[in-house]
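# Residue-level structural notes
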Amino acid sequence: MEDLQLYWGDIHIMSGFCCGTTSPAELYHHARYAAGLDFASVTTFDCLLSPHEWDITKAATREAHEPGRFVTFLGYEWGGESDRGGDHCIYFPGDDGPLIRSGFTFGTDPWDEARRHIDRTRTLRQTLDEFRARNTTPMIIPHCGGRRCNFDFYDPIVMPMVEIHSGHRSFETVGLEALARGLRPGFVGGSDDHRGAPGDSHIVARDRYFTAHGGLIAVYARDLTRESLWEAFHTRRVYGSDGTRVVLDFRINGTPMGGEVEAEVGTNLAFSIFARPDGFLDRAELVRNGETVKVFLGTPTLNHQVHGLCEEYIEPCREGTTHYYLRVRQADGGTAWSSPIWVAGI
């Protein structure tokens with residue numbers, strides 16, 4: 001995309017302060033130097049995070065942040081039951097933010113310091129009201145794999161994206177549920193890493209709960225700063241993957257993924273599709289209103305493998321609102337999903 005750079009991140013990382021592994025500082029170090037990510041966020045469970053550990057998390061997030069080289073976001077996972085909103089990750093644009101707890105608890109350990117600071121049970125909507133009362137506007141991403149996210153609590157002002165892949169497995173159906181409800185989120189992945197390996201979280205044998213490679217979020221932003229990434233999150237210039245680093249560009253009438261298009265009913269929509277996998281390509285599938293309507297296979301090279309594709313496609317604009325996204329599959333099974341583009345036929 002013109003004047004934009006592609007950056008890779010993992011913004012769903014569990015620390016040893018809850019059910020994850022190692023410290024926030026070590027997790028940021030792994031994300032940057034071992035996984036080669038551009039940005040990251042450690043998101044410890046609120047119910048297991050003491051005030052002292054929240055201070056440590058804030059300090060580690062601040063110290064690991066180096067604009068232009070590696071960007072961090074302060075965040076935590078809000079772990080409410082589904083009837084109160086379900087699991088969501090909450091992020092702040094700067095170095096500070098209030099820890100407003102869901103009230104959910106694990107176990108009954110009387111020595112758990114974090115447990116002593118759970119003042120009451122909240123719904124996600126009540127939590128948002130408290131943020132607003134404190135003049136704080138976070139970003140919130142519905143999480144898949146734990147307590148099911150409940151779209152009855154969806155707020156488009158603070159929820160520009162939904163996670164459709166984590167280390168639990170792929171949840172494309174959750175993205176389709178959001179679209180069927182008329183919501184307009186971008187699609188992203190996250191690892192929900194509990195193993196101390198953000199950005200490259202692999203499957204562990206005999207693990208019942210984490211059965212997939214950790215996911216990633218890809219962002220087209222002007223530069224590697226919190227401000228530019230935050231702007232790209234909210235304009236949905238993002239896509240998700242199951243850990244594969246496919247370079248993906250998807251547009252309709254020149255409007256990039258995450259965008260909205262108006263066109264006269266019956267006129268041609270011009271689709272532009274570019275995919276360069278980090279292995280070999282199997283196929284790219286165009287999904288319209290939840291149904292796969294076109295498959296692109298690319299052109300094999302002399303070794304009978306497809307190294308990528310660059311395709312143009314045309315179909316007429318339909319009446320009403322139609323949403324499209326691209327699903328890209330590699331030969332090794334790796335998958336990426338573009339954010340949708342919404343087309344309004346007028």
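Refer to the structure printed above.
All figures in this text were calculated on a predicted structure; none of them were measured in a lab.

Before going further, it helps to spend a moment on the overall build of the protein chain. Looking only at helices and strands, one finds 5 helices and 20 strands in the protein chain. Here the C-alpha atoms of the protein chain give a radius of gyration of 20 Å, agreeing with the 20 Å that 2.2 N^0.38 yields for 346 residues. Dimensions of the protein chain, computed from the C-alpha atoms along their principal axes, are close to 65 × 45 × 40 Å. Looking at the protein chain as a whole, 59% of its 346 residues are labelled buried. Taking the contacts inside the protein chain whose residues are at least 6 apart along the sequence as the reference set, 69% of them involve residues at least 24 apart. With an accessible surface of roughly 14,300 Å², the protein chain has 49% of that area assigned to carbon and sulfur atoms. Treating the 34 positive side-chain charges of the protein chain as one cloud and the 48 negative ones as another, the clouds have centres 2 Å apart.

Before going further, it helps to examine the packing of helix H1 (residues 24-34) against helix H2 (residues 51-64). Running from amino to carboxyl end, H1 crosses H2 at an angle of 30°, the nearest separation of the two axes being 8 Å. The angle between H1 and H2 falls in the class roughly parallel. For H1 against H2, the interelement crossing comes out right-handed. Facing H1, whose interface residues are Pro 24, Ala 25, Tyr 28 and Arg 32, H2 presents Thr 57, Ala 60, Thr 61 and Ala 64. Partitioned by chemical class, the residues of the contact of H1 with H2 number 5 nonpolar, 2 polar and 1 charged.

Turning to the sheet that holds strand E11 (residues 247-252), a few remarks are in order. With antiparallel pairing, the 4 strands of this open sheet are ordered in space as E12-E11-E14-E17. Two strands bound the open sheet, and with one partner strand each, they are strand E12 (255-256) and strand E17 (309-316). Judged from the 2 bridges that link them, E11 and E12 form a sheet pairing that is antiparallel. Across the sheet, residue Arg 251 finds its bridge partner in E12, namely Pro 256.

Within the secondary structure layout, Ile 141 lies in strand E6 (residues 139-142). Under the relative-accessibility criterion, Ile 141 is labelled buried at 5%. For Ile 141 and Glu 319, which are 178 residues apart along the polypeptide, the C-alpha to C-alpha distance reads 31 Å. Setting aside residues up to four positions removed in sequence, Ile 141 forms contacts with Ile 11, His 88, Cys 89, Tyr 91, Met 161, Val 162, Glu 163 and Val 188.

Right, let's get into the state of the cysteines. The full count for this structure, using the stated rule, is 0 disulfides. The cysteine Cys 18 is free of any disulfide, with Cys 19 supplying the nearest cysteine sulfur at 4.0 Å.

The way to describe two aromatic rings as a pair is by their centre distance and the angle between their planes. Enumeration according to the criterion identifies 15 aromatic pairs in this entry. Both rings, one in Phe 92 and one in Phe 131, keep their centres 5.8 Å apart while their planes meet at 65°; by these two values the pair is edge-to-face. Taken together, the positions of Phe 92 in strand E5 (residues 87-92) and Phe 131 in helix H3 (residues 124-133) put the pair 39 residues apart, joining distant regions of the chain. A single burial state applies to Phe 92 and to Phe 131, both of which are buried. Considering the side-chain rings of Phe 271 and Tyr 324, the 5.0 Å spacing of their centres and the 70° angle between planes classify their relative orientation as edge-to-face. Of the two residues, Phe 271 is situated in strand E14 (residues 268-276) and Tyr 324 in strand E18 (residues 320-330); the sequence distance between them amounts to 53 residues. Among the aromatic residues, those joined into a ring-pair cluster are Phe 250, Phe 271, Phe 296, Tyr 313 and Tyr 324.

Criteria and cut-off values
Residues numbered from 1 in each chain as written. Predicted model: local features only at pLDDT ≥ 70, side-chain atom pairs only at ≥ 80, totals over all residues. Heavy atoms only, no water. Helix = DSSP H or I, 4+ residues; strand = E, 2+ residues; numbered from the N terminus. Rg over C-alpha atoms; globule rule 2.2 N^0.38 Å. Buried < 20%, exposed > 50% of the residue type's maximum accessible area, 1.4 Å probe, protein only. Contact = heavy atoms within 4.5 Å. Areas by Shrake-Rupley, 256 points an atom, 1.4 Å probe, with all protein chains shown as cover. Lys, Arg positive; Asp, Glu negative; His and termini not counted. Charge placed at Lys NZ, Arg CZ, Asp CG, Glu CD. Axes fitted to C-alpha atoms, helices over the stretch in contact; angles between N-to-C directions. Parallel < 35°, antiparallel > 145°, perpendicular 65-115°, else oblique. Left-handed = near helix turned anticlockwise from the far one by under 90°. Nonpolar A, V, L, I, M, F, W, Y, C, P; charged D, E, K, R; others polar. Pairing = 2+ DSSP bridges. Disulfide = S-S within 2.5 Å. Phe/Tyr/Trp six-rings, centres within 6.5 Å; stacked < 30°, edge-to-face > 60°.

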